[in-house]
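Next come the chains, spelled out residue by residue.
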Amino acid sequence: MGLFQIFDPSAKPVPIGIDLGTTNSLVAWVADGNPECILDCDDDPIVPSVVAYLRDGTLNVGKPALAYLETQPSETIVSVKRLMGRGHDDAQTQRDRAYRFLPMQEGQSNVVRFAVHDRAVTPVEVSAEILRTLKRQAEDKLHAVGGAVITVPAYFDDAQRQATRDAARLAGIDVLRLLNEPTAAALAYGLDREKTQGTFAVFDLGGGTFDVTVLTLDDGVFQVRATGGDSQLGGDDLDRAIALAVLAEVGQQDTRDKSLWRACMLEARKLKHALTDADEAVFSLDHASLTLSRAVTRATFDQWIRPVVERTGPACKRVLRDAGIPAGSLDGVVLVGGSTRVPLVRAYVRELFGREGLTDIDPEQVVALGAAVQADILAGTQQNDALVVDVCPLSLGIETMGGLVEKIIARNSTIPCARAQQFTTYADGQTAFDVHVLQGERELARDCRSLAKFKLSGIAPMTAGAARLMVTLRLDENGMLTVSARDEATGNEHTVEVTPSYGLSDDDIEKMLIDSYEHAEGDIKARVLTERSVEAEQTLAATRKALVSDGELLDEDERAELDGAMAALEGALQERNAEKIRMRSEAVDRASVPLAERRMNRAIRDAMRGRSVEEVAEQVEHARGVDAHVAEHSARRDET
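Conventions used here
Residues numbered from 1 in each chain as written. Predicted model: local features only at pLDDT ≥ 70, side-chain atom pairs only at ≥ 80, totals over all residues. Heavy atoms only, no water. Pairing = 2+ DSSP bridges. Helix = DSSP H or I, 4+ residues; strand = E, 2+ residues; numbered from the N terminus. Axes fitted to C-alpha atoms, helices over the stretch in contact; angles between N-to-C directions. Parallel < 35°, antiparallel > 145°, perpendicular 65-115°, else oblique. Left-handed = near helix turned anticlockwise from the far one by under 90°. Contact = heavy atoms within 4.5 Å. Nonpolar A, V, L, I, M, F, W, Y, C, P; charged D, E, K, R; others polar. Buried < 20%, exposed > 50% of the residue type's maximum accessible area, 1.4 Å probe, protein only. Patch = residues over 30% accessible without salt bridge, like charges linked within 9 Å, V, L, I, M, F, W, Y side chains within 5 Å. Areas by Shrake-Rupley, 256 points an atom, 1.4 Å probe, with all protein chains shown as cover. Salt bridge = Lys/Arg side-chain N within 4 Å of Asp/Glu carboxyl O. Expected span 1.5 Å × (residues − 1).

Enquirer: Help me get a handle on the sheet that holds strand β6 (residues 59–61), residues and values and all.
Expert: Two orientations exist for strands paired in a sheet by backbone hydrogen bonds: parallel and antiparallel. If you trace the three strands from one edge of the open sheet to the other, you get β6-β5-β7, paired in antiparallel fashion. Strand pairing shows two members of the sheet lacking a second neighbour, β6 and β7 (76–78), which therefore form its edges. The average angle at which neighbouring strand axes cross in this sheet is 15°, direction not considered. In this sheet, β6 lies alongside strand β5 (residues 50–53) in antiparallel orientation, the contact comprising three bridges. Bridging from a neighbouring strand, A52 pairs with N60 of β6.

Here it is as structure tokens:
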């Protein structure tokens with residue numbers, strides 16, 4: 001007699017954790033207090049992150065899509081995570097040889113569009129199909145599925161995180177939180193249950209992204225100390241290095257044949273998997289354009305991939321330096337991601353950190369398991385006091401006069417967080433502010449990444465420096481950025497949720513940090529020069545305005561001295577010499593003292609004319625009271 005599976009349709013939806021990976025994706029849940037991955041009908045938890053679009057309009061996702069990798073390379077999308085949040089003209093987009101991309105049309109956002117038969121498909125849509133498949137797999141097991149925690153690389157920027165949320169929304173998934181993959185791995189290992197305190201490094205090398213994070217555990221609180229990595233480094237790059245090395249050996253330098261390139265990449269991946277356990281394997285290719293069979297030893301394989309593996313080194317050293325923790329002080333190194341199965345990777349980790357990496361949990365499942373734990377905590381299903389405190393990977397700020405960057409949220413600040421800073425007008429009668437939001441570590445706007453621009457209008461016209469603009473940057477627990485600007489005088493406010501249409505290019509994030517160190521001295525000099533130039537131009541503008549209205553208050557000698565000082569300052573500005581600008585600005589200040597004093601005396605006389613001493617004293621006392629009230633209000637606001 002057959003048995004029906006009976007479930008309560010009113011049962012509470014079960015929260016899930018999703019690892020949306022570059023190569024493979026998984027979904028997990030917490031059963032009786034223990035996280036476990038959800039298996040498909042073949043008892044396999046892994047869903048390949050592959051989507052094949054067929055000519056008849058249907059599509060295949062996961063294992064069924066693998067059959068089309070060689071026969072329909074342009075219509076079978078793999079490793080789409082590497083293109084999430086990226087622009088059409090991005091370097092990574094151009095590097096993907098297997099696809100046909102549609103050119104960006106006038107008026108369209110700068111987003112990648114795959115040409116698939118007679119339609120255009122974006123990376124967000126492809127990722128949504130993978131997420132739908134994962135959700136259905138969870139529903140087959142749990143029936144009622146609740147919200148999801150979706151993991152992202154710690155080094156995903158705002159655009160990439162937003163694209164991930166968009167894909168989830170398109171798939172009909174309620175996102176409880178975007179969780180950084182290294183933090184998810186720490187939760188999966190139950191470090192909060194095993195130890196009350198300690199410092200750990202999480203080395204996460206997946207199919208397409210690399211993260212390294214240093215975090216401390218203190219009585220159930222996971223505090224991320226520093227994070228780094230490369231959102232364009234992973235197992236795909238190992239495969240690419242193998243394929244290029246084999247093709248170079250047979251003199252095949254032209255990789256424009258998409259079908260041949262895809263076949264080479266697939267065979268490279270098989271070789272990589274085989275050499276994980278064996279000392280020798282065969283690279284065998286049987287393609288219409290090329291047939292070959294090549295025995296490859298572990299030593300040759302290591303030689304081909306070593307340059308790629310060593311690209312993880314600088315980020316690891318920098319993160320340890322940022323965290324202020326020497327490698328020898330770590331309590332453990334957690335290995336995450338399928339690429340950490342490669343023996344050379346594990347050996348390199350041992351070389352970097354001086355210890356063996358922890359591999360007790362399957363490195364391909366650990367992130368999904370950690371996401372499930374976090375989803376269970378957020379849903380209130382289990383009593384767990386673990387608290388996760390993440391950080392933002394790059395500084396955020398706005399552009400100020402002269403093309404400078406004023407950093408408001410510093411790199412490695414804990415999130416969620418909000419930081420505010422006050423700015424003022426540069427010109428008399430200014431009625432609008434242009435707010436330009438930037439991401440990066442350099443001092444000049446041109447060297448940082450632009451995230452958003454907007455205008456705050458309706459400002460009351462005042463003299464330069466009188467208006468006050470409060471700019472507030474808020475990062476939520478998902479790393480999503482919101483910017484608001486408020487005119488303190490009128491209360492006029494504008495708020496935007498930053499949703500850029502593309503993300504950081506191939507090496508931008510890594511390059512931003514490296515450049516910030518290499519160019520630190522030059523950047524500071526450039527900043528000082530720009531600041532002094534802006535101040536000098538303001539001094540000249542104010543002095544010229546005063547001379548037009550009250551120039552007759554100076555005698556000939558005084559006027560000649562002031563004109564000469566101003567001319568010298570203008571010359572220093574032309575030379576762009578910061579020290580000369582400082583000295584000449586001070587000379588203008590000294591030469592303008594007589595004019596300033598006499599203008600003040602005239603203003604006082606005009607204000608006193610026809611008024612008694614008692615009236616003036618009463619007005620002064622009233623002004624003092626108003627100032628005290630404003631100061632008290634400002635102090636309370638600052639405390640808040």
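Next comes the rest of the write-up.
Enquirer: Summarise the packing of helix α3 (residues 123–142) against helix α4 (residues 158–170); cite the residues concerned and give the values.
Expert: The contact between α3 and α4 brings their axes to 8 Å, and the two run at 55°. The angle between the axes of α3 and α4 places the two elements in the oblique class. The way α3 lies across α4 gives a crossing that is right-handed. Between α3 and α4, the contacting residues are V124, E125, S127, A128, L131 and R132 on the first element and A163, D166, A167, A168 and L170 on the second. Split by residue class, the contact of α3 with α4 holds seven nonpolar, one polar and three charged.

Enquirer: Account for the side chain of Q137, naming residues and giving values.
Expert: Locating Q137 in the fold gives a position in helix α3. Its relative accessible area of 8% is what places Q137 among the buried residues. Sequence-distant contacts of Q137, defined by excluding residues within four places in its chain, comprise V27, I38, L39, D40, D44, P45 and V47.

Enquirer: Now, about the packing of helix α15 (residues 556–575) against helix α16 (residues 578–591): what can you tell me, with residues and values included?
Expert: Close contact between α15 and α16 brings their axes to 9 Å; oriented N to C, the two are set at 165°. As judged from the angle between their axes, α15 and α16 are roughly antiparallel. The hand of the α15/α16 crossing is left-handed. Across the interface between the two elements, E561, L562, A565, M566, A568, L569, A572, L573 and E575 of α15 pack against K580, I581, R584, S585, A587, V588 and A591 of α16. Considering only residue class, the contact of α15 with α16 consists of eleven nonpolar, one polar and four charged.

Enquirer: Describe a nonpolar patch on the surface, and please don't skip the residues or the numbers.
Expert: Side chains of M600, I604 and M608 sit close together on the surface and give an oily, nonpolar patch of about 280 Å² of accessible area. By the element assignment, M600 lies in helix α17 (residues 593–608). Accessibility expressed as a relative area gives 52% for M600, which makes it exposed.

Enquirer: Could you give me a rundown of the pattern of salt bridges, with the residues and numbers involved?
Expert: The full count for this structure, using the stated rule, is 29 salt bridges. Two residues, D237 and R240, come together in a salt bridge whose shortest N-O distance is 3.5 Å. Taken as a pair, D237 and R240 lie in helix α7 (residues 235–249) at a separation of three residues, close to a single helical turn. When its relative accessible area of 10% is taken as the criterion, R240 is described as buried. Residues R532 and E579 are paired through a salt bridge, measuring 3.7 Å at the closest nitrogen-oxygen approach. Of this pair, R532 sits in helix α14 (residues 520–550) while E579 sits in helix α16, and the two are 47 residues apart along the sequence. On the accessibility criterion, R532 (25% relative accessible area) is partly exposed.

Enquirer: Pulling in residues and values, what's your account of α3?
Expert: Every α-helix carries 3.6 residues per turn, so stepping three or four residues along brings you back to the same face. Under the 1.5 Å per step criterion, the end-to-end length of α3 is 28 Å for 20 residues, consistent within 8% with the ideal 28 Å. Of the residues flanking the end of α3, it is H143, one or two places downstream, whose phi is positive at about 70°.

Read these as geometric descriptors, not functional statements.
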